[in-house]
Amino acid sequence: MGDRHWMYHRLDDNGCFIDEFKIGVEYFLDFAFSQSNPEFCSRNRIRCPCKKCMNGEWHRRVTVQCHLTEKGFMNGYVVWLAHGEQPVRKQRRHQWGESSSAAPFAMEEPGNDPIREMVIDAMSSHGIEYNMNDQGSDQPIFEEAMGDAKEFFDLLQAANTPLYEGCDEGDTVLKWMSHFMNAKTLFNMSVANWDYVLKCSRRWIKPEDRDRIPNNFYSAKKMMRRFSLGYKKYDVCVNNCFLYYGEYEGKNYIICPVCGEPRYKQAHVQQNQYIPRKSLWYLPITPKLQRLYMCSKTAEHMTWHLACRGESEKIVHPAGAEAWKHFDRTYPDFASDPRNVRLGLCTDGFTPFGHTAAPYSCWPVFLTVYNLPPSMCMKPESIFLSLIIQGPQSPGKNIDVMLRPLINELKELWYHGVQTYDSFRHQHFIMRATLMWTITDFPAYGMVCGWSTHGRLSCPYCQENSKAFYLPNGRKISFFNCHRQFLPPDHPFRKNRNDFKKGHVENDAPPERLSGDDMFRQIQQLPDILFGKPSKRQVIEGFGDWYNWVKKSIFWELPYWSTNLIRHNLDVMHCEKNFFDNIFHTVMDDSLTKDNLKARMDMELYCNRRSLCIPETGTNAGKKPTATYALSKEQRKSVCQWLKNLRFPDGFASNISRCVNMQEAKVSGMKSHDCHIFMQSLLPIAFRDFLPKQVWEALTEISEFFRTLCSPTIRVIDMEIWHTKIVETICQLERIFPPSFFDSMEHLAIHLPYEAMVGGSVQFRWMYPFERRMHGLKGSMKNRAHPEGSICENYIMSEISYFISLYFEGEVETRGDRIPRNLVGVGLSVNIGLSVFNNLGKPIGSRQQQRVLTTEERNAAMYYVLMNCAELKGWIEVFEEEECQNMTPQQIQMKRSNCLVSWFENSVLRDEFEGIDENLIGLARGPSWIVQCYKGFWEVIELQYIGSRHRQTVVLFKCDWYEIPPARGIVVDRKHRLVDINPNRQLRTYEPFILASQAKQVYYTPYPSKNSVRKGWVAAVKCRARSVIEMPDQPEEQHDDTELIFQDDDPPATQPTLSDPIIYEPIQHTDGTIYAINVEIEDVDYDRGIEEDDREEEEEFEDYYTSEEENIEYISESDSSD
């Protein structure tokens, strides 16, 4: 019996069935039906081991295969006792470095106990090697390790101890306790709640067996803590100036050598209780990295990044970006072993008590492993907590004091490495690690970098060459007129004296981007400073005038730090949110606008915009004139009402309508992800009919910039284009908005394309996954008196829970294998028949019913299924040879639509062809007249073909067809990649169905303006499935040119053109959300008889689009055809 983890790993990260599972199911069926004993196989039937039948029902092979594919194996059925397999005694485990050449599903002698394997892997993480002696008992390899290893052999004994006398085989004390600990973490149970459940569970066990089980959480944690990797607690000076670390760790150091503050609370020292005034929790990273290789469930994935190292224009992982490749070229000895680890560091503060409590800032430090594939490396389980810095104040620039243990460990991992066992390759190796970069918001950027992010020189790229200046009335720093120097030398904006800073001509070249070596030479010239309380009085000479350095960052101690192309990332999440807030509140002209009275006074000083100056006399004296970029009150109400009624696809965005205040016509309280969705998808639609063309186009380009930047797949050519284009777009905004609008966030946008070209996709370099991780830590905090200690203890338990859950083999739900609510691929997908029956997806919601198809509907459905079944291509060619001689293409299409179904049915059922597959017989007999319906605004039906030996289904979307370009049903703005659709311009044809696999998700939204020429039209916004991750070895998808104009997360590198048509069809999901289907003509062979378009003229709409701009393609009179 080999390793059968495949039995409980059906789906990959994209929701598709794993090949290993398919092969395993076939192997199981072959083994089960090969049994001659009627107790296991009788009358060509076996017991079905699916989760529903649980070996209680007998079925034929095809039925069992369907059940296993759809429902999976029953829990814990690793040994196939009900199908003739005999249990065997385990033999000795492989020695270190010894590999096995057995086939994946070969019937080997040793058994497979996942709980026992878990204990052995945990022993390996602690440096304890395991083997069995000749007598078959458990003994450590090294006798001197007996004291440390005794706890783990106690765990092995618990893994062999039955839960109670007479329990099922495999139900051991350790297995039972592992499930209980997983439940505590999964549902965030309190200790009292967990103890109560444990107490109730113990009552069902005989009194003589209860002693085998821990009686409370403390005892259980004491036993399970042996799976943890532990943490260290260091004392810190209350002023953050000194860490009692290394030689200062002893209790005899009671006074801070820097500021003289006592180390311990004096009242407790007098009672011989040494309680520190402040502490630091440190969780070493080395054992965590070792466990990734020693654990058989994760070791294979640690070298996934090799697939991204090829030369490609698309970047889906940091391994394919220039920063990674440059590091490999600089340090070839490190790059020679792909098992060496690349890390990213993130830190930020949060309050564990909520916003209503007193201010408190707790600072965790995270590390993430970039060796893992995209589906794993940014998951919460792969983001390791390394430090917890105690509050209540932020550490500020004193964070270097707290980072000392981590930096020392990183230097040790770089210089010497650590011996690690690779359980995938069955060999030891020296594992080294490097820190690629840090990820922080902009205030924390200054803390870890050492370059202050406040003041005129706050930009870490421009540094002393920044042209930011102080606004005397607004009393803030403005980056207005700082961007023309980044334009090409011959750009007309450089000579413009009126639209920017009045009377100013820009002749300077852009500031040079300093290399890491140049920056390191600057750092070397800085004087040493004292951290803590004295540091507040230290100011380096020239600060604020020549540079903004406040310290020598501790990261420069890393020997490779100066060679990294990116050392500290600008956080796109916060840049995008702050940029959007400035745009939205200024356009909506609410209380948070950047265009207030003081802003107008500053604008009068620096800009030549007399129409916007505040009049000093007259009835409007002291009032700011209305700007063209600000909406009126009625327009603001229209936008708010539009947002109030807006509905998104499930899982795409949160309910933004909760932020709308209709009485005051304002929107407030949008979270970062709400701003992300609004900026990239809704901004061009919301203001299109309210703002002048020049203003709207500039804002739409900003929307398109962030949409391209945040794409999961980065194209280098796109970033090169936007590296220049974003500067021009910012300059366009400078011609529109006042100087107070331009703070550091607007300026930093011009540096984001460079970081994307060098670092890769922002999904690996922004704060979203770390913010979610901090939210989980905040929810796990139970002790409000000691929040950091409570967070650390609960993190250790969650780490244990995740480790042991890897060995549950699909028996229970865990955080690691929890299936999302709308995951694609849960239905049948294994090749058990024709390709058209291999459906992906599952129904959700409760609006399901049955109905009877009409004759016309059934014929149309049968014809569509036949035309889209790949196995019938030869049959269709035979039909055309026999029935369509000397016909034109149009006549062939008509002949197929009228006669193909009946011809195929007669040919198959009358046995005109020999060796006909039974699946074709079922297809020829047609579907049942009764179908399962899923009702929304449009209808989804499930056809049931029952003519073969087993029932097969195919899902069809009932749809309407729209006119396609060139026609009046769709208007395409190619420049801004917007698509408008007129729902009333439907084709007069009857082709009611498409396959579910041909659908792509969009949502429709009307425009907020009620009096617009777009009244009755809707904008189509494309969605990207959250669970789908594009892998680097996949061929690039061939998009239709028209499809590329959508607001998609994966934009084209060049401007799209219109050629082959796309058909769009709106449907409504079961939750009431409107979607759309687009079907590529080359993928669908359906004869669409399109009638001639009627010639009604829509003068107002036509005149508007023909006069607005030449970038919009609109043809008022045209025949739509294939």
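Let me sum up the structure you'll find in this document.

Reading the values: rules and limits
- Residues numbered from 1 in each chain as written.
- Predicted model: local features only at pLDDT ≥ 70, side-chain atom pairs only at ≥ 80, totals over all residues.
- Heavy atoms only, no water.
- Helix = DSSP H or I, 4+ residues; strand = E, 2+ residues; numbered from the N terminus.
- Buried < 20%, exposed > 50% of the residue type's maximum accessible area, 1.4 Å probe, protein only.
- Contact = heavy atoms within 4.5 Å.
- Areas by Shrake-Rupley, 256 points an atom, 1.4 Å probe, with all protein chains shown as cover.
- Patch = residues over 30% accessible without salt bridge, like charges linked within 9 Å, V, L, I, M, F, W, Y side chains within 5 Å.
- Salt bridge = Lys/Arg side-chain N within 4 Å of Asp/Glu carboxyl O.
- Expected span 1.5 Å × (residues − 1).
- Pairing = 2+ DSSP bridges.
- 1 Å grid on protein atoms, 1.4 Å probe; cavity = no way out; pocket = protein on both sides within 12 Å on 5 of 7 lines; lining within 4 Å.
- Points joined across faces, edges and corners; volume = space filled by probe spheres on them.
- Nonpolar A, V, L, I, M, F, W, Y, C, P; charged D, E, K, R; others polar.
- Axes fitted to C-alpha atoms, helices over the stretch in contact; angles between N-to-C directions.
- Parallel < 35°, antiparallel > 145°, perpendicular 65-115°, else oblique.
- Left-handed = near helix turned anticlockwise from the far one by under 90°.

Helix and strand content of the protein: 31 helices and 33 strands. Within the protein, buried positions represent 56% of all 1122 residues. For the protein, the share of sequence-separated contacts (at least 6 apart) that also reach a separation of at least 24 residues comes to 67%. For the protein, the accessible surface area stands at approximately 49,300 Å², while carbon and sulfur atoms represent 49% of it.

On the surface, a cluster of nonpolar side chains totalling about 290 Å² of accessible area is made up of Val852, Trp929 and Ile930. A relative accessible area of 43% places Ile930 in the partly exposed class.

What follows concerns helix 21 (residues 693–709). Between its terminal C-alpha atoms helix 21 stretches 24 Å, which fits the 24 Å expected from 17 residues at 1.5 Å a residue. When you tally the buried positions in helix 21, you get 15 out of 17 residues, the bulk of the element.

Turning to helix 27 (residues 855–867), a few remarks are in order. Taking 1.5 Å of rise per residue, the 13 residues of helix 27 would be expected to cover 18 Å, and the 18 Å separating its terminal C-alpha atoms lies within 8% of that figure. For helix 27, the tally of buried residues reaches ten of 13 residues, placing the bulk of the element in the interior. Of all the positions in helix 27, only Glu857, Arg858, Ala860, Ala861, Met862, Tyr863, Tyr864, Val865, Leu866 and Met867 are classed as buried.

Turning our eyes to something else, we now look at the sheet that holds strand 6 (residues 232–236). Sheet architecture is open: eight strands sit in the order 7-6-8-12-11-10-15-18, paired in mixed fashion. Unpaired on one side and paired on the other, strand 7 (243–244) and strand 18 (568–569) mark the two borders of the sheet. Taken together, the five bridges between strand 10 (residues 341–347) and strand 11 (residues 363–369) define a ladder with antiparallel strand orientation. Looking across to strand 11, one finds that Gly344 is bridged to Thr368.

This part takes up empty space enclosed by the protein. The full count for this structure, using the stated rule, is six cavities of 30 Å³ or more. The calculated volume of the largest cavity comes to roughly 70 Å³. Mapped onto the lining of the largest cavity, the elements with two or more residues apiece are helix 10 (322–330) and strand 15 (433–439). If one sorts the elements of the lining of the largest cavity by residue count, strand 15 sits on top with three residues. By residue class, the composition of the lining of the largest cavity is six nonpolar, two polar and one charged.

Taken in spatial order, the three strands make up an open sheet running 1-2-3, and their pairing is antiparallel. Whereas interior strands pair on both sides, the edge strands pair on one side only; in this sheet they are strand 1 (41–42) and strand 3 (58–59). Both strand 1 and strand 2 (residues 45–47) contribute to a ladder of two bridges, which runs antiparallel. When the sheet's bridge partners are listed, Cys41 is paired in strand 2 with Ile46. Together, strand 1, strand 2 and strand 3 form the strand contacts of helix 1 (residues 19–33), whose direction differs from that of strand 2 by roughly 110 degrees.

We now examine the packing of helix 5 (residues 173–186) against helix 26 (residues 787–805). Across the interface, helix 5 lies against helix 26 with an axial gap of 9 Å and an inter-helix angle of 130 degrees. Our classification of the angle between helix 5 and helix 26 gives oblique. Helix-helix and strand crossings are classified by hand; for helix 5 and helix 26 the assignment is left-handed. On helix 26, the residues that touch Ser178, Met181, Asn182, Lys184 and Thr185 of helix 5 are Asn794, Met797, Ser798, Ser801, Ile804 and Ser805.

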